[in-house]
Structures are given as C-alpha cells and as structure tokens.
Amino acid sequence: MTIRKFSGQQLQQVYCGLLPDDFPPAEIKPYAMIQPLIACGLYAGYGYYEQDELRAYALFAHEQQSRYLLLDYFAVRHAYRSGGYGGRFLRRLGEYAHGYQGLLGEIENIDFAADEAEADIRRRRLVFYQNNGWRLTGLRARLYGVEYSIIAYDYGQPLPDGALSA
C-alpha cells in the first residue's frame, strides 16, 4: 500500500468526480471555492493506493502560519469500506504532514443529532477516529447551522485546547 500526494489535476478529478459519490451534496463546497486555495498551495490531497487503485483519500486545507492541517474530507471508496483501509490510512497520514504539529478535523456533534439513529452514526464515527489515534477536543464549531465537535491527531505533545482555538 502506498500514499501519494495528488497533483493539481488529480485533486480536481477527486474533488469533482469522486466527492459527489462519497458525500451528500450539502456537504460539498463548490470547487470554485477550493480552486484558489489549491493555486496558493493551501489545499492538498493524498490518496491511499493498493495495486495502483485508489482505495481512500483525504483532502486538507491549512493556513500559512498554522501548525495543524485541517482534514476537510476523508473517504474510503464504497467498494473498500469495512476493510480496514480507513484506519490504516489515518494512521499513516502523519508521515506526509511534515512540519505540522498534527491534524484537526470536525465531526457532527452527537448532542445535536436529530434522533437516536443519527446519534449512533455519529458515535460510531467518533469511535472510529478515536480508535485510530484521534482525540476529542473540548472545542466546538457551528458552520451553516450544523454543530461540530473538533477532533485532533497530534504528532508530538498535544496542544491544549486553548492553544488550538487561538
């Protein structure tokens, strides 16, 4: 298994071609919002390959001065889900985030689930990340009316939540 950084063209193909299969339309930002970030080197993507076939991918945004990368999208292709690819990929991403303290991400806040079935999905998602080295911070965010909990994967000494929000 190998991890490869996407070229600009590959990133566009993944964003415009695969993202719609893996995420609800309401969760996908227009590519026109992402394109300037790619051009400035503030948005990148990595693919997890086996036998030259893409099994999973992760897309990241960051600020120039940030010590953390923001995991914007993470997906295992439908045919490969429940095969351990996501966990292996998450654990190995740190090898490619040179110069960063870690990764940040957001998951839908369990406390704001519409019903118990949705809460269960959110709990399973949190457990998946926690089982792969991520931690739930005390930080929350509200974007477009959706409540999120912030998760982090630290490569070194974890920063306190207060430092993450600064």
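Reading the values: rules and limits
Residues numbered from 1 in each chain as written. Predicted model: local features only at pLDDT ≥ 70, side-chain atom pairs only at ≥ 80, totals over all residues. Heavy atoms only, no water. Core = buried A, V, L, I, M, F, W, Y, C linked by side-chain atoms within 4.5 Å. Buried < 20%, exposed > 50% of the residue type's maximum accessible area, 1.4 Å probe, protein only. Helix = DSSP H or I, 4+ residues; strand = E, 2+ residues; numbered from the N terminus. Contact = heavy atoms within 4.5 Å. Polar contact = N/O pair within 3.5 Å; in protein donor to acceptor, adjacent residues only side chain to side chain.

Trainee: Even after reading the chapter, I still don't get the nonpolar core, so can you show me in this structure?
Mentor: Membership of the largest hydrophobic core comes to 22 residues, with the highest contact counts inside it found for Phe60, Phe89, Leu93, Tyr129 and Trp134. Listed by contribution, the elements that provide at least two residues to this core are strand E2 (43-50), strand E3 (53-61), strand E4 (68-76), helix H3 (85-92), strand E5 (102-108), helix H4 (116-131) and strand E7 (146-154). At 4 residues, E4 tops the list of elements feeding residues into this core. Beyond its immediate sequence surroundings of up to four residues, Trp134 is in contact with Leu71, Leu90, Leu103, Leu104, Gly105, Tyr129, Ile151, Ala152 and Tyr153. Within the second largest apolar cluster, 18 residues are counted, among which are Phe23, Ile38, Leu59 and Tyr73.

Trainee: Help me understand the side chain of Glu108, please; the structure alone is not making it clear to me.
Mentor: Following the sequence through the fold, Glu108 ends up in strand E5. Given a relative accessible area of 16%, Glu108 falls into the buried group. There is a polar contact of 2.7 Å between the side chain of Glu108 and the side chain of Arg125. In this view, Glu108 contacts Glu27, Arg122, Arg125, Val146, Glu147 and Tyr148; residues no more than four positions away in its chain are not counted.

These figures come from the coordinates and say nothing about function on their own.
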